[in-house]
Amino acid sequence: MNKRTFFVLLGVPGAGKGTQAKLLQERLGLPQISTGDIFRYNLKNLTELGLLAKSFMDKGELVPDEVTIRMVEDRLGQDDAAGGAILDGFPRNLIQADALDEMTADYGGISLVPLIQISDDEAMRRITGRRVCRTCGAVYHIEFNPSAKEGRCDLDGGELYQRDDDKPETVSNRLYVYYKHTSPLIGYYFAHRLLAEIDGTQGIERVQAELMSLLVESENAE
Ligand code: AP5
Ligand code: MG
Ligand code: ZN
């Protein structure tokens, strides 16, 4: 069997999935596949997919499964995913989880599902203070992880902006959608002995260190 490594990062909106996935990508040499980022990239380029996704994202609702699953399937087929991937924001319901099981079955399945845990209040604080680079997508927080120069990305000087769906009203619905549709995945992956819980309230470096040791452990166990 051609073994590949797939990690699925779970956690409420704002838990730090994107922040951690970007760090892991550099360390592990596996691509971060963030469905939210792919939708936003498409929207920036005004593709049909981007415009469709926007109508759901603006309300904090899930983009339809058919579209999302096909998009991930395409992305996993690209050359840089030949060794596997770090999935950030996918799957988000049991239908997507089934689809991912099928997509990865020939490669040894999912390796580990870290669940990054924070409270809803913390999620709200993180999301409302988040700023993202328009050029490279780097993620900052005005208080917890500020850029050196206000409003500018440390990596490329790009403009930092606030995501359209980061308004408090939309964030509340995103949390609701998470508990209704995504949280059942916790039980699903627990039953498959793939779940690993992490205290996401620690600093970014600490969370990263714990994630790394869990991932290395899971790879060695195989
Ligand atoms: P998506 O882009 O995936 O958003 P999300 O799941 O709501 O998650 P976030 O990106 O808000 O949070 P995060 O966990 O990545 O946190 P981050 O690292 O940025 O999805 C957006 C929308 O797209 C969805 O609502 C839906 O419409 C659609 N969509 C996406 N995937 C889909 C799918 N599979 N199916 C259907 N629809 C889909 O961190 C947050 C902030 O906290 C940052 O400011 C960061 O600097 C800060 N921070 C991070 N870690 C720490 C720390 N340890 N301490 C202090 N601050 C921290
Ligand atoms: Mg994210
Ligand atoms: Zn940047």
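Small disclaimer: the values here were computed from a predicted structure and weren't measured. (Residues numbered from 1 in each chain as written. Chains lettered and ligands numbered in written order. Predicted model: local features only at pLDDT ≥ 70, side-chain atom pairs only at ≥ 80, totals over all residues. Heavy atoms only, no water.)

Notes on helix α6 (residues 120-128)
For the α-helix, the turn length of 3.6 residues means that residues three or four positions removed from each other point alike. When α6 is considered as a whole, its buried residues turn out to be Glu122, Ala123, Arg126 and Ile127. Down the axis of α6, the sector holding all buried residues measures 125 degrees, keeping them to one side. Buried positions along α6 lie against β5 (130-133), β6 (139-141) and α7 (168-182). (Buried < 20%, exposed > 50% of the residue type's maximum accessible area, 1.4 Å probe, protein only. Helix = DSSP H or I, 4+ residues; strand = E, 2+ residues; numbered from the N terminus. Arc of directions from axis to C-beta. Contact = heavy atoms within 4.5 Å.)

Some details on the sheet that holds β6
With antiparallel pairing, the three strands of this open sheet are ordered in space as β6-β5-β7. The two strands at the open ends of the sheet, each matched to only one other strand, are β6 and β7 (160-161). Across three bridges, the pairing between β5 and β6 is antiparallel. Directly across from Arg131, in β6, lies its bridge partner Tyr140. (Pairing = 2+ DSSP bridges.)

Notes on the site of ligand 1
Close to ligand 1 lie 35 residues, the nearest being Thr19, Glu61, Arg92, Arg130 and Arg174. Within the contact set of ligand 1, an oxygen atom lies 2.8 Å away from a backbone nitrogen or oxygen of Lys17. Within the backbone of Tyr140, an N or O atom sits 2.8 Å from an oxygen atom of ligand 1. Here ligand 1 loses 97% of its free accessible area of 1,000 Å² to cover by the protein chains. Looking at the shell around ligand 1, the elements with two or more residues in it are α1 (17-28), α2 (35-44) and β6. Its residues placed into classes, the shell around ligand 1 shows twelve nonpolar, 14 polar and nine charged. (Near = heavy atom within 4 Å. Polar contact = N/O pair within 3.5 Å; in protein donor to acceptor, adjacent residues only side chain to side chain. Areas by Shrake-Rupley, 256 points an atom, 1.4 Å probe, with all protein chains shown as cover. Nonpolar A, V, L, I, M, F, W, Y, C, P; charged D, E, K, R; others polar.)

The values are spatial; any link to function lies outside them.
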